[in-house]
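Given next are the chains, with one letter for each unit.
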Amino acid sequence: MQWKLLSPKKIVLPNGKEVLEKRSFMPIVWLILFVLAVLAIRITGFSLEILVNRIQQFFVILQQMIPPNWAYLSKLWQPLFDTIKMSLFGSIAGAICALPIAVLSATNITKHRGIALVSKFILSLLRTLPTLIIALIATFIFGLGTMAGTVAIFLFTIAYVGKLLYEQIENANMEAYEAMQSMGLTTIQAFRFAILPQILPNYLSTSLFCFEGNVRYASILGYVGAGGIGLLLNESLGWRSYENVGMILLMLVGTVFIIETTSEYFRKKLM
């Protein structure tokens with residue numbers, strides 16, 4: 001027996017005929033979302049009263065950051081360059097390594113289902129692990145410093161770019177690829193000349209976009225000893241030197257803005 005709420009609504013046309021109009025599922029969707037929101041509030045212990053009463057503390061800390069400590073600027077250049085360098089190297093190396101993994105994950109290129117499944121599982125596993133956790137593990141293996149941060153960004157880039165890239169490969173036009181294979185070209189050669197030109201603009205655009213995010217992620221990897229400007233940020237917050245925190249955040253905002261603007265320009269050219 002069909003639930004009345006979802007049963008089709010009868011509409012009588014001017015000519016006397018009856019048609020059935022399917023009812024929308026949106027009321028049920030909104031009801032489910034409301035129930036989930038209520039459960040989430042109870043589980044997380046969210047309190048609107050505490051939020052209202054304590055929100056002014058944010059502005060107190062913000063006032064202590066302004067004006068920033070300009071004398072602290074000279075100590076930030078080298079950690080900032082370290083952050084940018086490990087973001088850049090990790091992004092480039094990760095984007096390069098993501099290409100073969102994406103090819104192995106694409107079911108229209110890799111005919112062996114087992115290989116494609118394992119490759120997709122590896123990408124899913126890397127996406128599941130937070131970058132901070134990867135950086136923390138890397139510090140135990142490679143020691144404190146930017147090496148651990150670079151490894152964390154490298155693995156995250158593989159997961160991010162690889163996921164989007166294999167979806168682009170699976171949606172590519174396969175006619176030219178199949179024609180080249182029928183002419184005797186190998187899988188790699190057919191991919192090089194038929195598929196790669198189709199996905200290259202999106203591949204480069206995705207890699208640039210990932211680099212933008214990696215600069216922001218790298219700025220907090222210092223919390224686990226992975227080097228960069230995040231180490232000074234953690235130190236300044238620990239000592240409650242909010243004027244130094246203000247200077248660090250100002251530099252990060254300026255750096256990220258410049259990188260994002262430059263990256264957006266090149267991404268538009270690629271697209």
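Residues numbered from 1 in each chain as written. Predicted model: local features only at pLDDT ≥ 70, side-chain atom pairs only at ≥ 80, totals over all residues. Heavy atoms only, no water.

Participant: Looking at this structure, I do not really get the nonpolar core. What am I missing?
Facilitator: Inside soluble globular proteins, nonpolar side chains tend to come together where they are buried. Counting 26 residues, the largest nonpolar core has Ile109, Leu165, Ile169, Tyr177, Phe191, Ile195 and Ile199 as the members making the most contacts within it. Put simply, the parts of the chain that give this core at least two residues each are α4 (77-105), α5 (113-128), α7 (146-170) and α9 (187-218). No other element matches α9, which puts eight residues into this core. Every residue in contact with Phe191, bar those within four places of it in the chain, is listed here: Leu99, Val103, Ile109, Ile169, Tyr177, Leu196, Pro197 and Ile199. Residues Met65, Leu76, Leu232 and Leu233 belong to the second largest nonpolar core, which totals 13 residues. (Core = buried A, V, L, I, M, F, W, Y, C linked by side-chain atoms within 4.5 Å. Buried < 20%, exposed > 50% of the residue type's maximum accessible area, 1.4 Å probe, protein only. Helix = DSSP H or I, 4+ residues; strand = E, 2+ residues; numbered from the N terminus. Contact = heavy atoms within 4.5 Å.)

Participant: Honestly, the packing of aromatic side chains in this entry has me stumped. Any pointers?
Facilitator: Aromatic ring pairs are reported here in terms of the distance separating the ring centres and the angle at which the planes meet. For the structure shown, the criterion picks out five aromatic pairs. Between Phe58 and Phe59 the ring centres are 5.4 Å apart and the planes differ by 80°, which places this aromatic pair in the edge-to-face class. Taking the ring centre of Phe193 as reference, the NZ or CZ of Arg192 above it sits at 4.9 Å. (Phe/Tyr/Trp six-rings, centres within 6.5 Å; stacked < 30°, edge-to-face > 60°. Lys NZ or Arg CZ within 6 Å of the ring centre and 35° of its normal.)

Participant: How should I be thinking about the environment of Val151 in this particular structure?
Facilitator: Summarising the element assignment, Val151 is placed in helix α7. The spacing of Val151 and Leu249 is 98 residues in sequence and 24 Å in space, taken between C-alpha atoms. Excluding residues that lie within four positions of it along the chain, Val151 makes contacts with Ala138 and Phe142.

Participant: Would you explain the pattern of salt bridges in this entry?
Facilitator: Oppositely charged side chains are able to pair whenever their charged atoms sit close together. Throughout the structure, instances matching the rule amount to four salt bridges. For Lys163, the salt bridge identified is with Glu167, shortest N-O distance 2.8 Å. Here Glu167 and Lys163 lie together in helix α7, a separation of four residues that amounts to about one turn. Given a relative accessible area of 30%, Glu167 falls into the partly exposed group. (Salt bridge = Lys/Arg side-chain N within 4 Å of Asp/Glu carboxyl O.)

Participant: Got a minute to help me understand the packing of α4 against α5 in this structure?
Facilitator: When two helices pack together, you describe them by how their axes are tilted relative to each other and by the distance separating the axes. The geometry of α4 relative to α5 is characterised by a closest axis approach of 7 Å and an angle of 135° between their N-to-C directions. Viewed along their axes, α4 and α5 adopt a mutual orientation that is oblique. Contacts between α4 and α5 involve Ile101, Leu104 and Ser105 from the former and Ile115, Ala116, Ser119, Lys120 and Leu123 from the latter. (Axes fitted to C-alpha atoms, helices over the stretch in contact; angles between N-to-C directions. Parallel < 35°, antiparallel > 145°, perpendicular 65-115°, else oblique.)

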